[in-house]
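Examining the three-dimensional arrangement
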Amino acid sequence: MLSTVIVALYNGERFIKEQLDSIKNQTIEADEVIIADDGSKDQSIEIVKRYIQDNNLSKWRLVVNEVNKGWAKNFISNASVAKGKYIFFSDQDDMWAQNKIEVMIDTMEKNKNINLLCGDNDFICYDGYDQSFDAKDFSRMKNDGSLEKVVRERCNIHLKRPGCAMCIRKEFFDSILPYWVEKWGHDDFCWKYAVLSDSCYYIHRFLITRRRHASNTARNEGKRIHRNIQGRINQLEDMRDQYKSLERYIEEHKINREIEEYINHNLEAINLRIRFITTKNPLIWLRLFAFFGDTYPRKKGLYLDFGLVYLGEKICQKF
């Protein structure tokens, strides 16, 4: 079996049919499609059941989780049982280019050193969103058909592509799965280990169209649970566990010293951030500002830490 597509579903009735159409109409048919519902309260489940039945999709199956797992674990748990040689992660609200599966599998079949391949994407915006939110990410997308290696260096440790743009080799995913820790986003997890293992690449072609809208699950969940004091501390403690896992991987696989030092640098920053939030000591924030700006995936996080402590949770919820 060559390919497995995993669709994470949660209250996705608004766009799910168009996404399923784009997966069904691929130039190369997916060998397995797992649609994993995580407790939808809208008509998502009924729409998917009807879609599978009406289109006689024998290779597709709907999994309805008994309890809400959260989007990260929903992807990870289903990827762990995927049967395909290659795994594609799919959000519920994007649209795939008709040749996405063909292009990505062909590229990985010809390049056995690639464990994680990420395509480019464009955007459709709704509900007042505009592309300026993604301008930095969009600027990296050449859409010229070229293949580019993501160099194993400190500037590339932070996630540069979303999971919906990824294709991962199942054998590689299984090898890194023991290093996953609870609540770690599937895309950040796979990205970091692919970079550390020197096997992460871009294929510069627009292979999906991403939708930006007010009901985006991961974005809204992040705002709700991380933009308060205790939520931020919990998030940082989870990040600390993640970087300790990376530290273990580096030690076991004898990754170069510079990367090891950068992981330790991130761990120091995380501990400082926790101390700042719990003690409200402005000198700690100034130290973070001066020496640890490179540990934030987006500089916005540095100022959100400051805002939570000195401006309050209600104000930070607005940004």
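Above this text is the structure in question.
An account of the accompanying structure is given in this report. Since this is a predicted model, take the numbers as computed values, not measurements.

Cut-offs applied
Residues numbered from 1 in each chain as written. Predicted model: local features only at pLDDT ≥ 70, side-chain atom pairs only at ≥ 80, totals over all residues. Heavy atoms only, no water. Helix = DSSP H or I, 4+ residues; strand = E, 2+ residues; numbered from the N terminus. Buried < 20%, exposed > 50% of the residue type's maximum accessible area, 1.4 Å probe, protein only. Contact = heavy atoms within 4.5 Å. Axes fitted to C-alpha atoms, helices over the stretch in contact; angles between N-to-C directions. Parallel < 35°, antiparallel > 145°, perpendicular 65-115°, else oblique. Nonpolar A, V, L, I, M, F, W, Y, C, P; charged D, E, K, R; others polar. Salt bridge = Lys/Arg side-chain N within 4 Å of Asp/Glu carboxyl O. Lys, Arg positive; Asp, Glu negative; His and termini not counted. Polar contact = N/O pair within 3.5 Å; in protein donor to acceptor, adjacent residues only side chain to side chain. Phe/Tyr/Trp six-rings, centres within 6.5 Å; stacked < 30°, edge-to-face > 60°. Lys NZ or Arg CZ within 6 Å of the ring centre and 35° of its normal. Patch = residues over 30% accessible without salt bridge, like charges linked within 9 Å, V, L, I, M, F, W, Y side chains within 5 Å. Areas by Shrake-Rupley, 256 points an atom, 1.4 Å probe, with all protein chains shown as cover.

All right, on to the overall build of the chain then. Of regular secondary structure, the chain possesses 13 helices and nine strands. By residue count, 51% of the 319 residues in the chain fall in the buried class. For the chain, long-range pairs separated by at least 24 residues make up 79% of all intrachain contacts whose partners lie at least 6 apart in sequence.

With that settled, the discussion passes to the packing of helix α3 (residues 71–80) against helix α7 (residues 186–196). Running from amino to carboxyl end, α3 crosses α7 at an angle of 60°, the nearest separation of the two axes being 8 Å. Classified by the interaxial angle, the pair formed by α3 and α7 is oblique. Taken together, the residues of α7 that come into contact with α3 (itself represented by Trp71, Ala72, Phe75 and Ile76) are His186, Asp187 and Phe189. Classifying every residue of the contact of α3 with α7 gives five nonpolar, one polar and one charged.

What follows concerns the pattern of salt bridges. Enumeration according to the criterion identifies 19 salt bridges in this entry. Notably, a salt bridge pairs Lys59 with Glu29, separated by 3.8 Å at the nearest N-O pair. Remark: Glu29 occurs in the loop between α1 (16–24) and β2 (32–37) and Lys59 occurs in the loop between α2 (44–54) and β3 (60–64); sequence separation between them is 30 residues. Glu260 is the salt-bridge partner of Arg257, the closest N and O atoms lying 3.2 Å from each other. Of the two residues, Arg257 and Glu260 both sit in helix α10 (residues 257–279), three residues apart, roughly one turn of that helix. Overall, the relative accessible area of 53% leaves Arg257 in the exposed class. Several salt bridges converge on common partners, so that one network encompasses Lys85, Glu109 and Lys112.

On to the side chain of Arg169, then. Along the chain, the position of Arg169 falls in strand β8 (residues 166–169). We note that Arg169 is buried and unpaired, the nearest opposite charge coming from Glu109 at a distance of 4.9 Å. From its side chain, Arg169 meets the backbone oxygen of Asn111 in a polar contact 3.4 Å long. For Arg169, the contacting residues outside a window of four places in its chain are Lys85, Tyr86, Met108, Asn111, Lys112, Ile114 and Asn115.

On to the packing of aromatic side chains, then. A full pass over the atoms with the stated rule returns 15 aromatic pairs. When the ring of Phe88 is compared with that of Trp96, the centres are 5.9 Å apart and the planes differ by 45°; the resulting orientation is tilted. Taking the centre distance of 5.3 Å and the plane angle of 65° together, the rings of Phe189 and Tyr193 count as edge-to-face. Of the two residues, Phe189 and Tyr193 are both situated in helix α7; the distance of four residues between them amounts to about one turn of the helix. Clustering of aromatic rings is evident, with ring pairs tying together Phe276, Trp285, Phe289, Tyr303, Phe306 and Tyr310. The side chain of Lys100 reaches across the aromatic face of Trp96, ending 3.8 Å from its centre.

Nonpolar side chains collect at one region of the surface, where Phe306, Tyr310 and Leu311 lie side by side and expose about 270 Å² of accessible area between them. By relative accessible area, Phe306 is classed as partly exposed at 32%.

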